[in-house]
Amino acid sequence: MVADEDATVRLVRPAPAAPSPPVKRRLALGLGAVGAVLAAGGGVAWWWVAARPSPSPPHVAPPPVATGPALAPPLLDFAGLLAHRAAVPTALRWAANPLVWVLDFPSLELQGQAMNRAAALIEKAQTPRDRVLSDAELAAAVAADQRSTADWYFGHNYRASDLTRMFDLAARQGLRLNPLEAWLRDQVELAGRVDRGRETAFITIPAIGAHVDAQMRSSVLRHELSHGQFFTLPFFAAHVMRIWESGFTEAERSAFRRFLGAEGYDTGQAEVMANEAMAYLLYTPDRRFFDPARDLGWSDAQAERLRALLREAAPEAP
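Sequence positions are assigned chain by chain, starting from 1 and proceeding in written order. Thresholds applied to this predicted model are a pLDDT of at least 70 for local features of residues and 80 or more for the giving and counting of side-chain atom pairs; totals over whole chains, interfaces and linings are not thresholded and use all residues. Hydrogens and water are ignored here; the side-chain numbers use all heavy atoms of the structure.

Student: How do you make sense of the sheet that holds strand 4 (residues 90-94) when you look at a structure like this?
Tutor: The pairing of strands in a sheet comes from backbone hydrogen bonds and takes either a parallel or an antiparallel form. If you walk across this open sheet you meet the five strands as 3-4-5-7-6, and the pairing is mixed. Pairing within the sheet leaves two strands with one partner each, and these edge strands are strand 3 (75-76) and strand 6 (157-159). When strand 3 meets strand 4, the two strands line up parallel, connected through two bridges. Counted as the bridge partner of Leu-75 is Arg-93 from strand 4. Paired strands, as defined in this entry, are two strands with at least two bridges between them according to DSSP. Put simply, DSSP marks the helices as runs of H or I at least four residues long and the strands as runs of E at least two long, and each gets a number from the N terminus on.

Structural data, given as structure tokens:
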């Protein structure tokens, strides 16, 4: 089933008539001038566009993280996750699917410090899949996209197994993790114990602040939760891949590859393309974020045909 309204994981870039800085990709909302964009009803893409937060040092000293016994994070429903406000980086779990861990950070800067190296390894187009970037290489990759640590992505989603591979590669390379990446590693290890080896998904939600309002936070959360379902429900992932391969025409797949490629995704990864197409079509109905006509050149009927196919085995939306 589809949520009444939402959008996440990558916002759309603004309409050509209103030029703005390059948009971010995937679950990344190119944020800027968001107020103006919203006021004008313009396009915000899962990379909400426009003016970006002012750059800050690559590694701002992180706030303390919660300490104490290694207990399973609390289970919260969608409303509870949305209402949560992190004072320190905090791990939560989604009550509807406890295999989906939701990481809430006090700021976009801290979220980026924890997650950007994973983004570079797992899905960025111009970065290697077989090794972890050094601090200098990561800073260069972010700069090449004309972004900052804070707004390279506004939301993240990864399998625990892919994050574990990153930590293993970093150890073999002798690469020292920053404090927030070390905290992320601890959460992944905890998930392995709590979920007893089952595949777990880690997603993030952006903190409300100067460039993120409550509606954006809600949209990103819905979009990212759909990726969590894809990673942890094999039947759903298989269904999405089947529709991508046989329900979409090659022209329709190419349209999505162009759209996602412009946002920085590695278009050579069919799973990433299918997963994002699902999230945009089913969980991004707000046309400020994703508009099939504007972003893909599709009619509403064409988009609805594919939504209907994807909905056939889609789990309940938040």
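Student: Any chance you could explain helix 7 (residues 214-232) here in plain terms?
Tutor: Residues separated by three or four positions in an α-helix point in the same direction, a consequence of the helix having 3.6 residues per turn. The length a helix should cover is 1.5 Å for every residue beyond the first. Spanning 19 residues, helix 7 covers 27 Å between terminal C-alpha atoms, matching the ideal 27 Å at 1.5 Å per step. Where helix 7 begins, the capping side chain belongs to Asp-213, and its oxygen is found 3.1 Å from the backbone nitrogen of Gln-215. Pairs of N or O atoms are called polar contacts if they sit within 3.5 Å, as long as, within protein, a hydrogen donor faces a hydrogen acceptor (for residues adjacent in sequence, only side-chain-to-side-chain pairs).

Student: How do you make sense of the nonpolar core when you look at a structure like this?
Tutor: A general trend in soluble globular proteins is that nonpolar side chains are found buried together. As used in this record, nonpolar core signifies buried Ala, Val, Leu, Ile, Met, Phe, Trp, Tyr and Cys residues forming a set joined through side-chain atoms within 4.5 Å. Here's how the labels work: a residue is buried when its accessible area is under 20% of the maximum for its type, exposed when over 50%, partly exposed in between, all with a 1.4 Å probe on protein chains only. Grouped together as the largest cluster of nonpolar side chains are 35 residues, with contacts concentrated most on Leu-103, Phe-105, Tyr-158, Leu-163 and Phe-202. Contributions of two or more residues to this core are made by strand 5 (97-104), helix 3 (108-122), helix 4 (135-144), helix 5 (160-173) and helix 6 (179-194). For this core, the leading source of residues is helix 3, giving eight residues. By definition in these notes, contact holds between two residues if any of their heavy atoms fall within 4.5 Å. Leave out the neighbours within four places in its chain, and Phe-105 touches Ala-86, Pro-89, Leu-110, Gln-111, Ala-114, Met-115, Leu-180, Trp-183, Thr-204, Ile-205 and Ala-207. Ranked by size, the runner-up nonpolar core spans 34 residues in total, among them Ala-277, Tyr-280, Leu-306 and Leu-310.

Student: What should I look at first to understand the pattern of salt bridges in this one?
Tutor: Proximity of charged atoms lets side chains of opposite charge pair with each other. The salt bridge criterion pairs a side-chain nitrogen of Lys or Arg with a carboxyl oxygen of Asp or Glu, the two atoms within 4 Å. In the structure shown here, the tally under the stated rule is 14 salt bridges. Note that Arg-117 and Asp-135 form a salt bridge whose closest N and O atoms lie 2.8 Å from each other. One end of the pair, Arg-117, is in helix 3; the other, Asp-135, is in helix 4, with 18 residues separating them in the sequence. Arg-305 is the salt-bridge partner of Glu-252, the closest N and O atoms lying 2.7 Å from each other. You can see Glu-252 sitting in helix 9 (residues 250-262) and its partner Arg-305 sitting in helix 12 (residues 300-311), a full 53 residues away along the chain. Assessed through its relative accessible area of 4%, Glu-252 is described here as buried.

Student: What exactly am I supposed to notice about the packing of aromatic side chains here?
Tutor: Any aromatic ring pair is given by two values, namely how distant the centres are and how the planes are angled relative to each other. Think of it this way: a Phe, Tyr or Trp ring, Trp meaning its six-membered ring, pairs with another when their centres are within 6.5 Å, and the plane angle makes it stacked under 30 degrees, edge-to-face over 60, tilted otherwise. This structure, assessed with the given rule, holds twelve aromatic pairs. Here the aromatic rings of Trp-101 and Phe-202 are separated by 5.5 Å at their centres, their planes lie at 40°, and the arrangement is tilted. Placement of the pair is Trp-101 in strand 5 and Phe-202 in strand 7 (residues 201-205), with a sequence separation of 101 residues. For the pair Trp-101 and Phe-202, one class covers both residues: buried. Aromatic pair Phe-256 and Trp-298: ring centres 5.6 Å apart, planes at 80°, arrangement edge-to-face. Residue Phe-256 is found in helix 9, and its partner Trp-298 is found in the loop between helix 11 (292-296) and helix 12; the two are separated by 42 residues along the sequence. Residues Phe-256 and Trp-298 agree in their burial class; the two are buried. Grouping aromatic residues by their ring pairs yields a cluster made of Trp-244, Phe-248, Phe-256, Phe-259, Tyr-280, Phe-290 and Trp-298.

Student: Help me understand the pairing of strand 5 in this model?
Tutor: When a strand is regular, its side chains alternate between the sheet's two faces. Burial within strand 5 is extensive, with seven of its eight residues counted as buried. As paired strands, strand 4 and strand 5 are joined by five bridges and run antiparallel to one another. By the bridge assignment for strand 5, Arg-93 is matched with Trp-101. Pairing of strand 5 with strand 7 involves five bridges; the strand directions are parallel. In the sheet register, Leu-103 faces strand 7, and the bridge partner there is Thr-204.

Student: Would you explain the packing of helix 5 against helix 6 in this entry?
Tutor: Working note: a packed helix pair is described by the angle between its axes plus the distance between those axes. One can describe the packing of helix 5 onto helix 6 by two numbers: an axis separation of 10 Å at closest approach and a directional angle of 130°. Judged by the inter-axis angle, helix 5 sits oblique to helix 6. The interaxial crossing formed by helix 5 with helix 6 has left-handed handedness. Contact with helix 5, carried on its side by Ala-160, Leu-163, Thr-164 and Phe-167, involves Glu-181, Leu-184, Arg-185 and Val-188 of helix 6 and no other residues of that element. Partitioned by chemical class, the residues of the contact of helix 5 with helix 6 number five nonpolar, one polar and two charged. Simply put, an axis is a line fit to the C-alpha atoms, just over the touching stretch for a helix, and the angle between two N-to-C directions goes from 0 to 180 degrees. An angle counts as roughly parallel when it lies under 35 degrees, as roughly antiparallel when it exceeds 145, as roughly perpendicular when it falls between 65 and 115, and as oblique in every other case. Each crossing is labelled by how the near helix is turned from the far one, with a counterclockwise turn of less than a right angle marking it left-handed and a clockwise turn marking it right-handed. Ten residues, namely Ala, Val, Leu, Ile, Met, Phe, Trp, Tyr, Cys and Pro, are considered nonpolar, four, namely Asp, Glu, Lys and Arg, are considered charged, and the remaining ones, Gly among them, are considered polar.

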